[in-house]
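Analysis of the macromolecular model
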Amino acid sequence: MRVGETGGVAANGAVPEGRGRERFAASPLLVIWEVTRACDLACVHCRASAIPTREAHELTTEEGRRLISEVRGFGRPVMVFTGGDPLKRPDIHDLIETSAKQGLPTHLSPSGTPLLTHDALWRAQRSGLNGISISFDGSHEEIHDRFRGVKGSFRWSLEGAGAAVGLGLQLQVNTTITRHNLGDLAAIASLVGSLEAHRWSLFLLVPTGRGAADQQITPAETEEILSWLYRLSKEVRFRIKTTEAPHYRRITLQRQAEEAGTPVATMIAGSAGGRFVPGMNDGSGFVFVNSRGDVHPSGFLPITAGNVRNASLVDLYRTHPLFLALRNPDRLKGRCGQCEFRTVCGGSRARAFATTGDYLDEDPACSYVPEPGALVPGTGGSPAFTGGGGARP
């Protein structure tokens, strides 16, 4: 079972059919539920602006069960419980069991704290958990613990990763790329290999929550790092994916075209040999539910389409104008709107919103200038989901 943009597949082993965003008109590949904002860490980049204790307005256990049941209405997308720290919820194992009994591939994204124990993961596995993602933002405790705001987090994360692998859970390592760890990425890659992780997921910082704009790397540095990741992907056993850096797909296709001596235009419709899922982005193959039940295109794009307490998650994803716009490349502006890679990439919609206030604007972290005349007019639009009378964009 693969999770995420790179190599993402459905539970039956198949990526939803269609090109780019077309495949995601009816169903996402990933459903992320932030079960709580409570967390014992104080990370400098925290998207959720996490707090020490749980809030009264979180979705209840019963509301969570109803939400999970509705997620099954999409088919069998990957269900991810995140936070804050999901282990701060006493009912997390009941929620995992509910998800697993619905037949959903079920994953957990806990924090590196004393709650991340072998016993907790053993119980989660017994409840039906398939995989886990653990963050490492430095290759050693000095860098990681400074970033996470609590001394000991690196050690707890190491122990949790070892326990997960020992229990047979699929391990994904998450790393947020910021100025503080730019020079440590190669060492983190070695750590990922030593942990026997299945995947390394790199998040390009979006200035939202506690994430400050001055922590971001430059577009030139981004291009260099993503090019390095492509080279690395051919040398390591673990898979590499990116979050809020969809232009990694553009770089992958460009490099593969160069290596094959093939025009890149002939490769844009593909997935680079399974290295990524074309068109997956905020609101396109991805939907996020926060701790209060608000539905967002992603955790990094905090625009609310509705709330699962009084609206259908399936209907919001399929028919809300926000999601329809995000799945239509013809709506993109600036360089993203003119780019020949827009159907496979599309730029970070979250970063565009955080930087310009317009989620359809160009991604300021991308330095690519589209080739004049490379975009074929009329080929970018994606049909909206219209089953059951759904609205069109």
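Residues numbered from 1 in each chain as written. Predicted model: local features only at pLDDT ≥ 70, side-chain atom pairs only at ≥ 80, totals over all residues. Heavy atoms only, no water.

Quick look at the overall build of the protein
Worth spelling out the cut-off: A run of H or I in DSSP counts as a helix once it spans at least four residues, and a run of E counts as a strand once it spans at least two, with each numbered from the N terminus. Working definition: with a 1.4 Å probe on protein chains only, accessible area under 20% of the residue-type maximum means buried, over 50% means exposed, and in between means partly exposed. Any two residues whose heavy atoms approach within 4.5 Å at even a single point are treated as in contact. Under the convention used here, a 1.4 Å probe and the Shrake-Rupley method define accessible areas, while residue burial counts only the protein chains that appear.
Regarding its fold elements, the protein presents 12 helices and 10 strands. Taken across its 393 residues, the protein has 59% of its residues classed as buried. Partitioning the contacts of the protein with sequence separation of at least 6, the portion at a separation of at least 24 is 73%. Accessible surface, the protein: about 14800 Å² in total, of which carbon and sulfur atoms supply 51%.

With respect to the sheet that holds strand β1 (residues 30–34)
Pairing between the strands of a sheet is mediated by backbone hydrogen bonds and can be parallel or antiparallel. Selection criterion: Strand pairing is defined by DSSP finding a minimum of two bridges between the two strands.
Across the sheet, which stays open at both edges, the 10 strands sit in the order β7-β6-β5-β4-β3-β2-β1-β8-β9-β10 with mixed pairing between neighbours. The open sheet has two edge strands, β7 (239–243) and β10 (306–307), and neither has a second partner. In this sheet, strand β6 (residues 199–204) lies alongside strand β5 (residues 170–177) in parallel orientation, the contact comprising six bridges. The partner of Thr176 across the bridge, within β6, is Phe203.

Here's the deal with the packing of aromatic side chains
What counts here: Centre distance within 6.5 Å is the pairing criterion for rings of Phe, Tyr and Trp, where only the six-membered ring of Trp is used; planes under 30 degrees apart are then read as stacked, over 60 as edge-to-face, and the remainder as tilted. Only lysine NZ and arginine CZ atoms are considered, and such an atom sits over a ring when it is within 6 Å of the ring centre and within 35 degrees of the ring normal.
The final tally for this structure, using the stated rule, is eight aromatic pairs. Centre to centre, the rings of Tyr317 and Phe323 are 5.5 Å apart; their planes meet at 55 degrees, and the pair counts as tilted. An aromatic cluster is present here, built from Phe74, Tyr317 and Phe323 joined pairwise through their rings. The ring of Phe203 carries Lys241 above its face, with NZ or CZ at 6.0 Å from the centroid. Over the aromatic face of Tyr317 sits the side chain of Arg327, whose NZ or CZ is 4.4 Å from the ring centroid.

Points about empty space enclosed by the protein
Note the following rule: Whether a set of points on the 1 Å grid over the protein atoms alone is a cavity depends on a 1.4 Å probe fitting there but being unable to get out, while an open set qualifies as a pocket with protein on both sides within 12 Å along at least five of seven lines; lining residues are those with an atom within 4 Å of a point. Grid points are joined across faces, edges and corners, and a volume is the space filled by probe spheres set on the points. Amino acid classes used here: Ala, Val, Leu, Ile, Met, Phe, Trp, Tyr, Cys and Pro are nonpolar; Asp, Glu, Lys and Arg are charged; the rest, including Gly, are polar.
Within the structure shown, the criterion is met by four cavities of 30 Å³ or more. Each pocket or cavity is described by its volume, and for the second largest cavity that value is around 130 Å³. In this structure, the second largest cavity is lined by 14 residues; those nearest its centre are Cys336, Cys339, Cys345, Gly347 and Cys366. Listed by contribution, the elements that provide at least two residues to the lining of the second largest cavity are α8 (247–260) and α11 (334–338). Broken down by class, the residue content of the lining of the second largest cavity amounts to seven nonpolar, three polar and four charged.

Notes on unusual backbone geometry
For the bond from Gly83 to Gly84, the omega torsion is 25 degrees, close enough to zero to count as cis. Tracing the sequence through the fold places Gly84 in the loop between β2 (78–82) and α2 (92–101). Phi at Glu196 is positive, roughly 60 degrees, even though this residue is not glycine. Here Glu196 lies in the loop between α6 (185–194) and β6.

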